[in-house]
Amino acid sequence: MREMIAISGLNKDYSGKKVVDCLNLGVAQGELFGFLGPNGAGKTTTIRILTTLTKPSSGRVLINGIDVARDPASVKSEFGVVQQHLSLNRDLTIAENLELHARLHHLASDDRAKRIAELLDYVEMADHADYLVDDVSGGMKRRAMIARALIHRPKLLFLDEPTVGLDAQTRRRVWDLIRKMNLDGTTVFLTTHYIEEAEALCSRVGIIHRGKLIALGTPIGLRQKLGMIAVEMQTNENGTEYRYFPDRALASEFIQRLHGAERIVMRESNLEDVFIEITGQKALGD
Ligand SMILES: Nc1ncnc2c1ncn2[C@@H]1O[C@H](COP(=O)(O)OP(=O)(O)OP(=O)(O)O)[C@@H](O)[C@H]1O
Ligand SMILES: [Mg+2]
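Predicted model, so just to flag it, every value in this text is computed and none were measured.

Draft legend 1. Up close: the packing of helix 5 (residues 138-149) against helix 6 (residues 168-183). As a packed pair, helix 5 and helix 6 sit with axes 9 Å apart at the nearest point and diverge in direction by 15°. Classed by the angle they form, the pair helix 5 and helix 6 counts as roughly parallel. For the pair helix 5 and helix 6, the sense of crossing is right-handed. Counting all contacts with helix 5, which are made through Gly 138, Gly 139, Arg 142, Arg 143 and Ile 146, the residues of helix 6 involved are Thr 170, Arg 173, Val 174 and Leu 177. Along the lines of polarity and charge, the residues of the contact of helix 5 with helix 6 split into three nonpolar, three polar and three charged.

In structure tokens, the structure reads:
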């Protein structure tokens with residue numbers, strides 16, 4: 001399948017510190033790709049480079065075959081981006097925010113009103129078109145930002161931490177919207193430090209740590225590499241230790257041979273186990 005994003009040998013230094021370190025990555029058309037990493041890993045910097053906002057120190061990025069560095073003006077029509085921090089204009093209503101963006105993207109005047117109505121309907125906010133930004137909930141602000149990013153019908157959408165700060169129920173609603181957009185044909189590249197978000201949504205994930213891509217694959221493929229079954233052993237001396245096994249039979253055999261563990265739990269492994277094994281740390285809070 002054609003590559004929507006092709007990144008080769010990408011580097012970014014800030015005052016000698018490598019923030020993106022020799023990144024090579026391809027994302028196919030139609031994928032829902034998750035870029036997972038702890039705070040400060042380099043996720044936002046990568047998105048900023050992919051969306052022309054930051055210049056890389058070296059390396060090359062193609063978006064839908066267009067070189068980002070050589071042709072920033074035409075590449076901008078290929079993608080939409082929802083930034084990590086709230087970037088709606090608080091002096092305007094939700095509909096006016098979309099209107100402003102539609103004008104920036106040179107949508108024809110007879111197309112604008114129709115497109116805004118269609119998008120507000122799509123993100124289930126038609127009733128809130130005339131609300132000021134501060135008068136809608138956090139989840140609605142996020143959905144409005146997504147609607148705004150889709151105004152020019154991009155084939156690719158970047159979402160930087162799309163559910164940060166949202167409660168569990170609202171987060172699921174945003175997940176549904178992301179799935180719907182992907183099913184409707186939009187390639188999605190999202191960043192998150194919520195492992196369960198990557199596991200729930202993404203067909204493939206890349207784990208970035210200190211600027212380096214340290215794992216890449218489907219959530220299940222990464223778990224299989226580690227072992228589908230986890231055994232947690234709580235001991236008095238060493239706290240909790242973890243071991244991974246391909247199946248329950250092998251895990252049970254191991255447990256039977258164990259002596260001295262206070263508490264033993266057998267469970268399915270998850271992406272968090274993969275993350276901790278390869279980084280030696282929890283995803284949240286570097
Ligand atoms: N403009 C800048 N100047 C100097 N250092 C920067 C700049 N932007 C980012 N950094 C540094 O680069 C590193 C990566 O930052 P980045 O924002 O890409 O991480 P992130 O993975 O998005 O983290 P978070 O999960 O907190 O959003 C951090 O150490 C950050 O301090
Ligand atoms: Mg970030």
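Draft legend 2. Expanded view of the domain arrangement of the protein chain. Considered domain by domain, the protein chain is made up of domain 1 (3-216) and domain 2 (228-268). Computed from C-alpha coordinates alone, the two centres of domain 1 and domain 2 are separated by 40 Å.

Draft legend 3. Geometry of the sheet that holds strand 9 (residues 204-209). An order of 6-7-8-3-9-10 is seen for the six strands of this open sheet, with the pairing classed as mixed. The strands lining the two open edges of the sheet, one partner per strand, are strand 6 (79-82) and strand 10 (212-217). Between one strand axis and the next, the sheet turns by 15° as a mean value, whatever way the strands run. Alignment of strand 9 against strand 10, held across five bridges, turns out to be antiparallel. Residue pairing for strand 10: Val 205 is matched across the bridge by Gly 217. This element, helix 6, spans strand 3 (32-36), strand 7 (156-160) and strand 8 (187-192) of the sheet and lies at about 150° to strand 8.

Draft legend 4. View of the pairing of strand 3. Burial analysis of strand 3 places five of its five residues in the buried class, which makes it a mostly covered element. The two faces of strand 3 match: Leu 32, Gly 34 and Leu 36 on one face and Phe 33 and Phe 35 on the other face are all buried. Two elements, strand 3 and strand 8, share five bridges in a ladder whose sense is parallel. In the sheet register, Leu 36 faces strand 8, and the bridge partner there is Thr 192.

So, how was this worked out
The residue numbers shown here count from 1 along each chain, following its written sequence. To read the labels, note that chains go from A and ligands from 1, taken in the order they are written. Confidence filtering applies because this is a predicted model: local features only for residues at pLDDT of at least 70, side-chain atom pairs given and counted only at 80 or more, and all residues used for totals across whole chains, interfaces and linings. Fitted lines through C-alpha atoms serve as axes, helices being fitted only where they are in contact, and the angles separating the N-to-C directions of these axes extend from 0 to 180 degrees. Here a helix means four or more residues in a row that DSSP labels H or I, a strand means two or more in a row labelled E, and each is numbered from the N terminus. Orientation is classified from the angle alone, with under 35 degrees giving roughly parallel, over 145 giving roughly antiparallel, 65 to 115 giving roughly perpendicular, and any other angle giving oblique. Less than a right angle of anticlockwise turn of the near helix away from the far helix marks a crossing as left-handed, whereas a clockwise turn marks it as right-handed. We call two residues in contact if the C-beta atoms placed from their backbones are at most 7 Å apart. Put simply, Ala, Val, Leu, Ile, Met, Phe, Trp, Tyr, Cys and Pro go in the nonpolar bin, Asp, Glu, Lys and Arg in the charged bin, and everything else, Gly too, in the polar bin. By convention here, the domain bounds are inherited from an automatic or database domain assignment. Strands are labelled as partners when DSSP assigns at least two bridges between them. Whether a residue is buried, exposed or partly exposed follows from its count of other C-beta atoms within 10 Å of its own C-beta, namely 20 or more, 12 or fewer, or something in between, respectively; the C-beta atoms are built from the backbone.

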